[in-house]
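Observations on the three-dimensional arrangement
These are the residues of each chain, in order.
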Amino acid sequence: MEAPLLDWFKTRGWKALPFQREVWSHYLQGRSGLLHTPTGSGKTLAAFGGPLLEAVRERKQLTTALKKNRVRPLQVLWITPLKALAADTTRALNKAIAGVGLDWQVGQRTGDASARDKRLARAGKLDVLVTTPESLALLLSYPDTAPQLQDIRAVIVDEWHELLANKRGVLLQLGLARLRKLSPGMRTWGLSATLGNLEEARDALLPNTPDAPMVAGVRPRTLTLETLRPKAGERFPWSGHLGLAQLSRVLEKLLAVKTSLVFTNTRAQAELWHQALSSVWPEDPATLALHHGSLSPKLRNEAEQGLRCGTLRCVVATSSLDLGVDFPAVDQVLQIGSPKGIARLLQRAGRARHRPGEAGHVVCVPTHALELVEYAAARQAIARNEIEPRHAPRLSLDVLAQHCVTLALGGGFDPNALLEEVRGTQAFAQLDDETWQAVLDFIERGGSALDRYPDYHKVVRDEDGVYRVHDRKVALRHRLSIGTITSDGSVQVKFLRGGGLGSIEELFVGRLRRGDRFQFAGRMLELVRLEDMTAYVRMAKGGDGTVPKWMGGRMPLSSELGREVEAVFGGDHAAPELRSIAPLLALQERLSALPAPGTLLCEQVKARDGLHVFLYPFAGRQVHEGLAALLALRWGRLQSNTFAFAANDYGLVLSPANAAELDKAALHALLQPEHLIEDLTASLNLGELARRQFREIARVSGLLPPSLPGKTPRSMRQLQASSGLLFDVLTRHDPDHLLLGQARREVFSGTLELDRLAATLHDCAQRRLRLHRPTSLTPLSFPLWAESLRGQLSTEDWKTRVQRAAQQLEKKHGR
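Residues numbered from 1 in each chain as written. Predicted model: local features only at pLDDT ≥ 70, side-chain atom pairs only at ≥ 80, totals over all residues. Heavy atoms only, no water.

1. Quick word on the overall build of the protein
Each helix and strand in the protein was counted, giving 33 helices and 25 strands. Within the protein, the fraction of its 815 residues that count as buried is 56%. In the protein, the share of contacts with a sequence separation of at least 24, taken over all contacts with a separation of at least 6, comes to 75%. Accessible surface, the protein as shown: approximately 34,900 Å² in total, 50% of it carbon and sulfur. (Helix = DSSP H or I, 4+ residues; strand = E, 2+ residues; numbered from the N terminus. Buried < 20%, exposed > 50% of the residue type's maximum accessible area, 1.4 Å probe, protein only. Contact = heavy atoms within 4.5 Å. Areas by Shrake-Rupley, 256 points an atom, 1.4 Å probe, with all protein chains shown as cover.)

Structure, rendered in structure tokens:
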């Protein structure tokens, strides 16, 4: 039965792996499932082999059926999270199809697909369609696509771990539920890597098959982690740097091999590192490239092609190259700064040496001293196979409302049948009748407060009880806005004469004046004019320029890596990274104490600018920000005061305007987990947080429709004004509106990470409290103190103030 594939494997010099044959067997027996295996281990052929073998077996019957049918039933729908992966996957699938002698047509249906592929997909002329969750939703919005999907054999979801924990995954859950309704015999396989909660991931993908098989692929490749450590006696910064002091060491590493990937955590950092490397690059400038999500598809494709064919020596990238595209020519990966998560480091390390039998390798480049501890912690976690879980959102009503309008466009839906279908997903298993009716009211008339405005009357319930869309303008706007990916107002960057470079955020470009320079897409640019949400630029000759900053750039430390960091601080310090900063660790212990599992370190420092109370739960920046606000409120209840606070991944600092020290008993009382939600509500401006969250929800749900083609895109200021007005109207006239409730829930679950915050409070309350009063700032407290300076008014640059303070401390303590 496996002969056609095995024969083709022989011609390629390959041997089928046991896990590939196991997936083929499950598929041919009619089963769905989840395959978890590292990227580059053969997962594409494992998932695609079953449909190929089945097609070869049924080739005669299939040929006869095709002669009778003008519309070809789609055999395989391959869903990928990235458009870049779609092109790579299409190439791989075509090779396999040719290898077994099938005449299948493969096409793409993504935002970057050719007009030919889009036409073939709509016309039902394809056997295999490679698409994204958003493009699948778009297909479902057309009534004529249902016949193509009724006999679909298989759906394969690639990189499921990347979709699982966000609203794109919720949209896909709903799309898969619709496909199961259209084709009950359809088999679904998910492909995943680097995930810590596989059973939950399987159940989200296959809620109708709770006992579906989970197939383990090859063991993860051996990974070696090398750190560029400071030399003995070398001054290494405590905080507040991008790591450019390591430039010479990084360049030496890059020139030692043929091709490298340099990963940074933010787009701004990628731009800065590319600029720094360009200034010292000794070879052809064309062999150094930049890749991040805000660059134009043309520039990204050029970098990807250069990696495939080996013409590039180095690409500086962000998470835009984290996933699935295989680059066998890449010899090494460098990670600038802490990866903030174990799974992220594994994913990035896996991009190098994609060749059989070769171990993975990553070179870690610390930007300041304490990141060396994080690298040591990551090595320990990887050795024990500790990987972060990813949890799927529940009851994302904005996504459900969008899906309902999609189906109303795609031929209409019966509300009772759709409710049963939707409840079959993990995301909406708990959807109650009252909330479902509120969703129907919303898509029909916007809810009670918006009933008088025709723009919000999208769907009509016809006499037969079926919900449909009749307005062509509603249909056009909905199809333009399908999806859940939102961004803060972006401005296109284009040359006055020439092509586009990508997009930057409106908030950044709004501060520029004509003639100002900025660094973007690896070029020094000069702003000529800003017109219709487009920044027209020309190349600038020499000089310096600012680098755009994008919102949401900071990655919080994961809980798992945070616990590991704390354990490393309290361990034997035998790791090479810790040996290189032994004097710093000794200073921390001499001035105060080192953190350790089971204890909670608190430092109270009287400095020139007042009293500061530092606390180190190691739960990540977002949790610490919520915890700081909570503790400030509770402390203020004990004695009236005004507090400033700041947070980083290790802890938080509270600075009372009127110095008032805490003793152990008082601090312990502040950390009790009781009344968490009530106190959080009182300590934060939840109304303003909900207002911000509402903008994204309003966009996804269709309350903020996009500009029509040919019209000027709306600016961020206009979007904020529109969403703010809607928020105020609903708050005043329809306070129980389903989207207001969702905004408040998402503030707690997302912005404040309520579950993690509650777990952190409970954990802190159980620990032994260690309260110290050091005579000066410590290595742990200094970065937090520096963070608190950001909000203060000064005529000096923040970096200058931090560097001077660090030098004073190092001089004081003999470093």
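From this point, the narrative continues.
2. Some points on the nonpolar core
Leu400, Phe413, Phe428, Trp436, Ile443, Phe694 and Leu703 are the most contacted members of the largest nonpolar core, which has 84 residues in total. Counting residues per element, this core draws most heavily on helix H17 (residues 397–409), at 9 residues. Leave out the neighbours within four places in its chain, and Leu400 touches Leu174, Val422, Phe428, Leu431, Trp436 and Val439. Counting residues in hydrophobic clusters, the runner-up holds 53 residues, among them Leu312, Val568, Ala593 and Leu784. (Core = buried A, V, L, I, M, F, W, Y, C linked by side-chain atoms within 4.5 Å.)

3. Here we look at the sheet that holds strand S25 (residues 768–772)
Across the sheet, 5 strands lie side by side as S23-S24-S22-S21-S25; this open sheet has mixed pairing. Only two strands of the sheet have a single partner each, and these edge strands are strand S23 (643–647) and S25. The sheet shows a mean angle of 20 degrees between the axes of neighbouring strands, direction not considered. Where strand S22 (residues 610–616) and strand S24 (residues 652–656) come together, 3 bridges link them in antiparallel fashion. (Pairing = 2+ DSSP bridges. Axes fitted to C-alpha atoms, helices over the stretch in contact; angles between N-to-C directions.)

4. Let's talk about the pairing of S23
Pairing of S23 with S24 involves 5 bridges; the strand directions are antiparallel. By the bridge assignment for S24, Ala644 is matched with Ser655. What sits between S23 and S24 in their antiparallel hairpin is a turn of 4 residues.

5. Focus: the pattern of salt bridges
Taken as a whole, this structure holds 37 salt bridges when the rule is applied. Residues Asp88 and Arg308 are paired through a salt bridge, measuring 3.2 Å at the closest nitrogen-oxygen approach. Of the two residues, Asp88 is situated in helix H5 (residues 83–99) and Arg308 in helix H14 (residues 297–309); the sequence distance between them amounts to 220 residues. In this structure Arg308 comes out as partly exposed when scored by relative accessible area, which is 23%. (Salt bridge = Lys/Arg side-chain N within 4 Å of Asp/Glu carboxyl O.)

6. Details of the packing of aromatic side chains
In this structure the tally under the stated criterion is 13 aromatic pairs. Measuring from ring centre to ring centre gives 6.0 Å for Phe569 and Phe618, while their planes differ by 55 degrees; the resulting arrangement is tilted. Residue Phe569 is located in helix H22 (residues 559–569), and its partner Phe618 is located in the loop between S22 and helix H25 (621–638); the two are separated by 49 residues in the primary sequence. Take Phe618: its relative accessible area is 3%, and that puts it in the buried class. Three or more aromatic residues link up through ring pairs in this structure, and these residues are Trp8, Phe9, Trp14 and Trp24. The ring centre of Tyr27 lies 4.0 Å from the NZ or CZ of Arg187, which sits over that ring. Positioned above the aromatic ring of Tyr142 is the side chain of Arg479, whose terminal nitrogen or guanidinium carbon lies 4.0 Å from the ring centre. (Phe/Tyr/Trp six-rings, centres within 6.5 Å; stacked < 30°, edge-to-face > 60°. Lys NZ or Arg CZ within 6 Å of the ring centre and 35° of its normal.)

7. Side note on unusual backbone geometry
Positive phi values are uncommon outside glycine, yet Glu159 reaches one of about 50 degrees. Counting through the fold element by element, Glu159 comes out in the loop between strand S5 (154–157) and helix H9 (160–164). In the Ramachandran plot, His573 falls in the positive-phi region, its phi being about 60 degrees despite a non-glycine side chain. Take His573: it is sitting in the loop between H22 and helix H23 (576–580).

8. Remarks on the sheet that holds strand S20 (residues 534–539)
Taken together, the 5 strands give an open sheet; going across it, the order is S17-S16-S20-S19-S18, and neighbouring strands pair in mixed fashion. With one partner strand each, in any of the chains shown, strand S17 (500–505) and strand S18 (517–520) form the two edges of the open sheet. Sheet twist, expressed as the mean angle between neighbouring strand axes with direction ignored, is 40 degrees. Note that strand S16 (residues 490–495) and S17 share 5 bridges and pair antiparallel. Within S17, the residue paired with Ser490 across the bridge is Glu505.

9. Thoughts on the pairing of S18
Examined bridge by bridge, S18 and strand S19 (residues 523–531) share 4 bridges and lie antiparallel to one another. Each residue of the ladder has a partner; that of Phe520, found in S19, is Arg523. Linking S18 back to S19 in an antiparallel pair, the connection comprises 2 residues, with Ala521 at a positive phi of about 55 degrees.

10. Re the side chain of Asp398
Along the chain, Asp398 falls in helix H17. Among residues more than four places away in sequence, those in contact with Asp398 are Lys167, Ile697, Val700, Ser701, Leu739 and Gln742.

11. Things to note about the packing of H17 against helix H20 (residues 472–481)
The contact between H17 and H20 brings their axes to 11 Å, and the two run at 130 degrees. On the basis of the axis angle, H17 is oblique to H20. H20 is crossed by H17, and the crossing has left-handed handedness. Packed against H17, whose contacting residues are Gln402, Val405, Thr406 and Leu409, the element H20 presents Ala475, His478, Arg479 and Ser481 at the interface. Classifying every residue of the contact of H17 with H20 gives 3 nonpolar, 4 polar and 1 charged. (Parallel < 35°, antiparallel > 145°, perpendicular 65-115°, else oblique. Left-handed = near helix turned anticlockwise from the far one by under 90°. Nonpolar A, V, L, I, M, F, W, Y, C, P; charged D, E, K, R; others polar.)

12. Points about the packing of helix H12 (residues 247–255) against helix H13 (residues 267–280)
Taken N-terminus to C-terminus, the directions of H12 and H13 make an angle of 75 degrees; their axes are 11 Å apart at the nearest point. When the axis of H12 is compared with that of H13, the two are roughly perpendicular. Two secondary-structure elements touch here, H12 through Leu247, Val250, Leu251 and Leu254 and H13 through Trp273, Ala276, Leu277 and Val280. When grouped by side-chain class, the residues that make up the contact of H12 with H13 number 8 nonpolar, no polar and no charged.

13. Regarding H20
Taken together, the buried positions of H20 are occupied by Val474, Ala475, His478 and Ser481. Angular distribution of buried residues about the axis of H20 spans 140 degrees; they occupy a single face of the element. Buried residues along H20 sit against H17 and helix H28 (686–701). A positive phi of about 125 degrees marks Gly483, the residue just after H20. (Arc of directions from axis to C-beta.)

14. What about H22?
Summarising burial for H22: 9 of the 11 residues are buried, a large majority. Of all the residues in H22, the buried ones are Ser559, Glu560, Leu561, Gly562, Glu564, Val565, Glu566, Val568 and Phe569.

15. Observations concerning the environment of Ser580
One can find Ser580 in helix H23. For Ser580, a relative accessible area of 24% translates into the label partly exposed. The spatial distance from the C-alpha of Ser580 to the C-alpha of Ala369 is 9.2 Å, given a sequence separation of 211 residues. Residue contacts for Ser580: discarding those within four places in its chain leaves Arg229, Pro230 and Leu372.

16. Here's the deal with the environment of Ala349
Structurally, Ala349 can be placed in helix H15 (residues 342–349). With 14 residues separating them along the chain, Ala349 and Gln335 place their C-alpha atoms 8.4 Å apart.

17. A closer look at the environment of Leu397
Mapped onto the fold, Leu397 is located in helix H17. When its relative accessible area of 4% is taken as the criterion, Leu397 is described as buried. Put simply, Leu397 and Val439 are 42 residues apart on the chain and 7.3 Å apart in space, counted from C-alpha to C-alpha. If near-sequence neighbours (up to four positions away) are discounted, Leu397 is found in contact with Phe428, Leu431, Thr435, Val439, Leu738, Gln742 and Arg745.

18. A word on the confidence of the model for the protein
Taken over all residues, the pLDDT of the protein has a mean of 86, while the share at 70 or more is 88%. In this model, residues 791–796 is a region of pLDDT below 50 whose contacts with residues beyond four sequence positions or in other chains number 4 contacts. (pLDDT = per-residue confidence, 0-100.)

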